[in-house]
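Fold and contact review
Single-letter residue listing:
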Amino acid sequence: MQVQSVAMHCLYELTELIQQNMSVETERTIIFQMVCCGASNGPNKDLRLKSFMTIGRLIEFYYDLLSTYMQSIFQISKTVIEKGVNGAEDPEVTKQAIEIWSTCAEIEYDINLDVQQNQQNNNNQSTQTRTNYGFVNKSLELLVPIYLKALLTQKDEYDEDEWTIRKAAACSLDVFAAVAQDNILNFVLKFVEQNVSQTNWRNREAALTAFGYILDGPSKDKLIRLTSQILPIILKLMTDDNIQVRQSAVWAFGRVTDVIPDAVGDKNVLQPIVRAIGDKNTIVNKICWSIANLSRYYSEKQMTNSCIYSDQNAFNLIRELLKRCNRQDSTSQVIIGTHEAINAIICFIPQNDRNKQMIESLLPELVSQMVTASELCKAGNTNDVVMYKMAGLFSSIQVILDKLGVNSLNQDNTNKIMHCCCTLLQIKDNDLVYEEALGCITYVAKCVQDNFKFFLQSPQVQDLLYKSVRTGNLNICRIGAGVIGDVYTSCSEFISTDPVKLQVFSDKIVSELLGILIGQDTDGQKMQLKGHIVDALTDILIAHGPHSHRYSGSILEKCLDIGKLVPPQDMDEIDMQDFNEIRISIIDTCRTCMAELAASQQIGNFQKYLPQIHNFFNAVSTDLNRVSVNVLKSCIKLLSEAADYCDPNTKQSLRTPAVQKILHKAGSMTNEQELVQQARSAFEQISSN
């Protein structure tokens, strides 16, 4: 038996490498007969588990070859799932049998998505090469009732982290809905209607769970109508005597607000929301999610008289959330969740004098709470609850300052916030708190503008900013670079007038940022960090104004060294987007340096950078298929400004094949008419004597 299990595991590991065998029908049939035999009922549970795992992998890699064997796979897996739901099968084997169908549904969903994208890109003329064989739709009638029965197998004590047959079935139902869309409604809605009002709590909870899991897939019009009918029942069950029913009701309500908020519309749902805020911790997290969803929805629909934003409701709701956050039994997750809800309410609140006054009155209260929590941290009380409370307060103060804008801070609150930031940045026990404290410095600087110079000249603040980009945590380093750029931008009047007072710090920080920039690490995250470093360096240059020449040469040279790189062809889409952002930042640096040289009547010095600029244009021109539109726009702006600023010899030197390719690419983008005009103008500027 052990030999069979090991052999099946080997096949599982080699599944991706057997394309040649799978392309031959006789060999393919033998493989499927072997795995189906291994998955069939027998005493060797390990063999059966690994056989189902292998079937899942075969479906993942060879879906297009399955049609002949899918009936056998269906019969074997259905039998196992049904027995498992009834408690007559090994749970691990059962969950793996369910996973087969989740995998199949995910593949069919991807195929459907490809079809839609191809139709959009080709004027409704599909060019997809894969066929959706509809295995999920064919299995609905027999599999979905079993999944729904599995939802009735709740344990008396709910463990959110435990992966059970019930949870596997629910997640599979979710992806089935995404594929089957309206076809799944008949099976699930009947189950919901039969169970949602039953006296047994398991029936009510299962009905809520089933309904919540099918919301993302069926047509919105049907769902809005159906959800509007069942919403009063969901709201009522949010106060059910059973904790699991309440949890699932609040979760289902959250799903409604996330997927089909139109079903809520202008209904007044504030009372059940407030009651849920005062409930158990597991319920509070879910209702906070709903509050954030509704706040965004009301803003998008400009529903200024919605239940959250009418009268003093927003202010009162924030009060309830703060009260819940400060309750003794609140966990770190509840604290973060409540502050996320508070932040959403403030972020999307309608602009009017009443709301502005409300937010202004809230600020000193949050600052006071932050000072109290900060003193606890300073005294050595750095448990998770206190630290997450600090992170939540920092985040909410950022949102308030962003909403109120410049000059919204008085001196007292400014000093208190900065004191708390400095206190927490010295503790460094919690990355989330560290990130939020750094972010708070940015918003303080933006609010007080040039008055931030008093803090920027402080050795303590300088040391904290410097250390923020020396940490081994890439995310903190990225945030730190952004904060440095922001504080320099805010203090630009002071710095451009008298840079000597910050020169030692500026020299030190520029040197450190350049060191990070020229580092050899080029993986996705570190390349993304380099983009933020370039932005920070550009902000420092701009802040120095006529005195930027102290740094412009070194910064421009190091930036262009990065710009001449061409990413590998196998770089994924997200990393490529990050690299294009770096290119845009490098161009911004070039434009800033060129403008500084022109302003100081030293534009002739720009010529010494031309070889590196040509290398940059060469790199872009050889990668035009992956260059973003925004990179092209930035290149054209740089060429136009160079033609304006520079002498005829420099203009002539820009007439290279690489530049011509970039101009041609930009000029041929008929869906970007503004870019086309800019490219033609740049060509004329460069071509003229």
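Details of the structure are given in the entry above.
Residues numbered from 1 in each chain as written. Predicted model: local features only at pLDDT ≥ 70, side-chain atom pairs only at ≥ 80, totals over all residues. Heavy atoms only, no water.

Section: the overall build of the protein
A tally of helices and strands in the protein yields 33 helices and zero strands. Split into buried and exposed, the 689 residues of the protein put 53% on the buried side. For the protein, contacts bridging at least 24 residues in sequence account for 75% of all contacts bridging at least 6. Total accessible area on the protein stands at roughly 31,200 Å², and carbon and sulfur atoms take up 47% of it. Side chains of the protein give 63 positive and 79 negative charges; the mean places of these two sets differ by 2 Å. (Helix = DSSP H or I, 4+ residues; strand = E, 2+ residues; numbered from the N terminus. Buried < 20%, exposed > 50% of the residue type's maximum accessible area, 1.4 Å probe, protein only. Contact = heavy atoms within 4.5 Å. Areas by Shrake-Rupley, 256 points an atom, 1.4 Å probe, with all protein chains shown as cover. Lys, Arg positive; Asp, Glu negative; His and termini not counted. Charge placed at Lys NZ, Arg CZ, Asp CG, Glu CD.)

Remarks on the environment of Met303
The residue Met303 is located in the loop between helix H14 (281–300) and helix H15 (313–325) in this model. Judged by relative accessible area, which is 18%, Met303 ranks as buried. As a C-alpha pair, Met303 and Asp266 span 37 residues in sequence and 7.9 Å in three-dimensional space. Once residues within four sequence positions are removed from consideration, Met303 is found in contact with Gly265, Asp266, Tyr297 and Tyr298.

Describing the packing of H14 against H15
Close contact between H14 and H15 brings their axes to 12 Å; oriented N to C, the two are set at 150°. By the angle between their directions, the pair H14 and H15 is classed as roughly antiparallel. When the axes of H14 and H15 are compared, the crossing they make is left-handed. Judged by residue contacts, Asn281, Val284, Cys288 and Ile291 of H14 engage Leu317, Leu321 and Arg324 from H15. Residue composition of the contact of H14 with H15, grouped by class: five nonpolar, one polar and one charged. (Axes fitted to C-alpha atoms, helices over the stretch in contact; angles between N-to-C directions. Parallel < 35°, antiparallel > 145°, perpendicular 65-115°, else oblique. Left-handed = near helix turned anticlockwise from the far one by under 90°. Nonpolar A, V, L, I, M, F, W, Y, C, P; charged D, E, K, R; others polar.)

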